[in-house]
Amino acid sequence: MTKKEPEPERVLLPGKPDYDQCDNKVVTARYTLVTFFPVAILEQFRRFANLYFLIIGVIMAIGWDTDLYESALTPWTTLGPLALVITFSLLVEGSSDY
């Protein structure tokens, strides 16, 4: 075993924090500015309803833009409300995390 070197003596005064050792900062935020959008979008599409409407919207867009099959409605009838719901959810998530 190696021998540890002794630490220098530390003097603590009541009412005066020692910021050199520890600042006792507690961070409860789930996101940073860089990770907010990707993590929050993945979190939204973990919900089955959001994923379902995204898949239905993509299938409708394929039928609308190609001649593979006919689509009775435009894909925006599904993707538009989905975008509004996800946008509102992201705003609520961001405001609660801030």
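Each remark here, short or long, concerns the structure printed above.
Residues numbered from 1 in each chain as written. Predicted model: local features only at pLDDT ≥ 70, side-chain atom pairs only at ≥ 80, totals over all residues. Heavy atoms only, no water.

**Student:** Account for the overall build of the protein chain, with residues named and values stated.
**Tutor:** Summing up its helical and strand segments, the protein chain has three helices and zero strands in all. If you list the helices and strands of the protein chain from N to C, you get α-α-α. Taking 98 residues into account, the globule formula puts the C-alpha radius of gyration at 13 Å, and the protein chain, at 26 Å, lies well above it. Viewed in the frame of its principal axes, the protein chain has a C-alpha envelope of about 80 × 40 × 20 Å. Across the 98 residues in the protein chain, those meeting the buried criterion constitute 18%. Working note: accessible area of the protein chain is about 8,900 Å², and carbon and sulfur atoms make up 64% of it. Of the charged side chains in the protein chain, 8 are positive and 12 negative, and the gap between their average positions amounts to 12 Å. (Helix = DSSP H or I, 4+ residues; strand = E, 2+ residues; numbered from the N terminus. Rg over C-alpha atoms; globule rule 2.2 N^0.38 Å. Buried < 20%, exposed > 50% of the residue type's maximum accessible area, 1.4 Å probe, protein only. Areas by Shrake-Rupley, 256 points an atom, 1.4 Å probe, with all protein chains shown as cover. Lys, Arg positive; Asp, Glu negative; His and termini not counted. Charge placed at Lys NZ, Arg CZ, Asp CG, Glu CD.)

**Student:** Before we move on, could you go through the pattern of salt bridges and cite the residues and values that matter?
**Tutor:** All told, the structure shown has three salt bridges when counted by the stated rule. Between E93 and R30 there is a salt bridge; the shortest N-O distance is 3.2 Å. With E93 in helix α3 (residues 76-97) and R30 in the segment before α1 (36-44), the pair connects residues that are 63 residues apart, well separated along the chain. One salt-bridge network, in which partners are shared between bridges, spans R30, E43, R46 and E93. (Salt bridge = Lys/Arg side-chain N within 4 Å of Asp/Glu carboxyl O.)

**Student:** So what's going on with the packing of aromatic side chains? Residues and values would help.
**Tutor:** Applying the stated rule across the entire model yields three aromatic pairs. Centre to centre, the rings of Y52 and F53 are 5.3 Å apart; their planes meet at 75°, and the pair counts as edge-to-face. Y52 sits in the partly exposed class, given a relative accessible area of 43%. Given the relative accessible area of 40%, F53 is considered partly exposed. (Phe/Tyr/Trp six-rings, centres within 6.5 Å; stacked < 30°, edge-to-face > 60°.)

**Student:** Explain a nonpolar patch on the surface residue by residue, including any values.
**Tutor:** Taken together, the side chains of L51, I55, V58, I59, I62, L68 and Y69 present a nonpolar region at the surface, about 600 Å² in accessible area. Positionally, I62 belongs in helix α2 (residues 48-65). In this structure I62 comes out as partly exposed when scored by relative accessible area, which is 38%. (Patch = residues over 30% accessible without salt bridge, like charges linked within 9 Å, V, L, I, M, F, W, Y side chains within 5 Å.)

**Student:** So what about α1? Which residues, and what values?
**Tutor:** Taken residue by residue, α1 has A40, I41 and Q44 as its buried positions. Seen from one end, α1 has its buried residues packed into an arc of 100°, which puts them on one side. Its buried side turned inward, α1 meets α2 and α3. (Arc of directions from axis to C-beta. Contact = heavy atoms within 4.5 Å.)

**Student:** Can you explain the packing of α2 against α3? Please cite residues and give values.
**Tutor:** Between α2 and α3, the least distance of the axes is 8 Å, while the angle of their chain directions is 145°. The hand of the α2/α3 crossing is left-handed. Between α2 and α3, the contacting residues are N50, F53, L54, I56, G57 and M60 on the first element and T77, T78, L79, L82, V85 and I86 on the second. Residues of the contact of α2 with α3, tallied by class, amount to eight nonpolar, four polar and no charged. (Axes fitted to C-alpha atoms, helices over the stretch in contact; angles between N-to-C directions. Left-handed = near helix turned anticlockwise from the far one by under 90°. Nonpolar A, V, L, I, M, F, W, Y, C, P; charged D, E, K, R; others polar.)

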